[in-house]
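# A structural walkthrough
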Amino acid sequence: MSLTPTVIITGASSGVGLYGAAALAHRGWHVIMACRDVAKAAAAADTLGIAGSRRTILPIDLGSQASVRAFVDAFRATGRPLDALVCNAAVYLPRLEQPVRSPEGYEISVATNHFGHFLLANLLLPDLERSTWASRRLIILGTVTANSEEFGGKIPIPAPANLGNLEGLEAGFQAPIAMLDGKAFKPGKAYKDSKLCNMITGRELHRRHHARTGIVFNTLYPGCVTDTPLFRHTPRAFQVIFPWFQKHITKGYVTQELAGDRLAQVVADPSFGARSGVHWSWGNRQKEGREAFAQQLTARAQDQALGEKLWTLSAKCVGLSR
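From a predicted model like this one, the values you see are computed outputs, not experimental measurements. (Residues numbered from 1 in each chain as written. Predicted model: local features only at pLDDT ≥ 70, side-chain atom pairs only at ≥ 80, totals over all residues. Heavy atoms only, no water.)

### Looking at the packing of helix α3 (residues 65-77) against helix α4 (residues 108-130)
α4 packs onto α3 with a crossing angle of 20 degrees between their chain directions and a minimal axis gap of 9 Å. When the axis of α3 is compared with that of α4, the two are roughly parallel. The handedness of the crossing between α3 and α4 is right-handed. The segment α3 lies against α4, with Gln 65, Val 68, Arg 69, Phe 71, Val 72, Phe 75 and Arg 76 engaging Gly 116, Leu 119, Leu 120, Leu 123, Leu 124, Asp 127 and Arg 130. (Axes fitted to C-alpha atoms, helices over the stretch in contact; angles between N-to-C directions. Helix = DSSP H or I, 4+ residues; strand = E, 2+ residues; numbered from the N terminus. Parallel < 35°, antiparallel > 145°, perpendicular 65-115°, else oblique. Left-handed = near helix turned anticlockwise from the far one by under 90°. Contact = heavy atoms within 4.5 Å.)

Pasting the structure below:
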């Protein structure tokens, strides 16, 4: 067994991914920072004091399936084991009027947030299986905006996540189709739909592979982190008002540092390795000293038939046979 466990974190050049990388590095982990901009990631790592001996930075563009496959090859060339994988990176482009397409022709939010991580997780699953670490884990970041159960089953947000019966994905998800349910393009909803897919994928990974491999597959919502670069494409007024609203009205705001520490807990702490198939949350109203709990997901996220269909159609879109 390696004395220094290794974790891959996508989107580790900023936000929750960066602060999660720092928290894990400070816990003694070696962090593979998987980012689009290597120079930006290096500068950010230096700023947070992630020692060079505790990090390896490798390029990846999750919106490009060729880039995902090249990243896997580059990681394996390092010779390091893989003890944990964190699927964190995301794009959020709510102001688009027309869909942007990935190199493969898919709407970019789904291509990056869902397809990219779905492909990465499947390609790296054999590496996690070979790990001799005591508690191997694959963790996917979810979001409150795709899980109405965080609000007691109510839906207080516009254009909530809704995959329908995956009509758009079943039809090939190529132009002019830009939504998984086959309906008219809504950029904000495309993001929420992709994050719902992330949480469904976590459950499917658990159902398909936990009993056989012993790997822990969980998702989490670390709290409302309103001041990360994820929101850089929103209107300037939103970037000012939204953090204030979460801090003073909903009381749901958490710092990037706290969210990163929560991510590190789910990856590394023994108590979070005792259960698989869990969506960890700290709730939508933050209180000092709050502990994580297993949050129920929406009925659609727990729908096994929908999960199986999403898996099969996603595998086809990324060129996997399983």
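### Remarks on helix α1 (residues 15-26)
Taking 1.5 Å per residue as the helical rise, α1 with its twelve residues ought to reach 16 Å, and the 17 Å between its terminal C-alpha atoms agrees with that figure. Within α1, ten of the twelve residues are buried, which leaves the element mostly enclosed by the surrounding structure. Of the positions making up α1, those classed as buried are Gly 15, Val 16, Gly 17, Leu 18, Gly 20, Ala 21, Ala 22, Ala 23, Leu 24 and Ala 25. In this structure, the buried residues of α1 make contact with β1 (6-10), β2 (30-35), α2 (38-47) and α8 (256-268). In the stretch just after α1, Gly 28 is the one whose phi turns positive, near 105 degrees. (Expected span 1.5 Å × (residues − 1). Buried < 20%, exposed > 50% of the residue type's maximum accessible area, 1.4 Å probe, protein only.)

### Observations concerning the pattern of salt bridges
This structure, assessed with the given rule, holds 13 salt bridges. Where Arg 130 meets Asp 127, a salt bridge forms, and the shortest distance between an N and an O atom there is 3.1 Å. Here the residue Arg 130 and the residue Asp 127 both occupy positions in helix α4, the gap between them amounting to three residues, near one helical turn. A salt bridge links Lys 189 to Asp 193, with the nearest nitrogen and oxygen atoms 2.8 Å apart. Note that Lys 189 and Asp 193 are positioned in helix α6 (residues 187-213) at a spacing of four residues, about one turn of the helix. Relative accessible area serves as the criterion here: at 1%, Asp 193 is assigned to the buried category. When salt bridges that share partners are traced, they join Glu 204, Arg 207, Arg 208 and Glu 308 into one network. (Salt bridge = Lys/Arg side-chain N within 4 Å of Asp/Glu carboxyl O.)

### Regarding unusual backbone geometry
For the bond running from Ala 175 to Pro 176, omega is 10 degrees, close enough to zero to count as cis. Assignment of secondary structure puts Pro 176 in the loop between α5 (167-170) and α6. We note that Leu 166 has phi near 60 degrees; this positive angle belongs to a residue other than glycine. With respect to the element layout, Leu 166 can be found in the loop between β5 (137-141) and α5. Leu 166 gets classed as buried once you look at its relative accessible area, which sits at 0%. We note that Phe 173 has phi near 55 degrees; this positive angle belongs to a residue other than glycine. Looking at the element boundaries, Phe 173 is found in the loop between α5 and α6.

As far as function goes, none of this settles anything; it's purely spatial.
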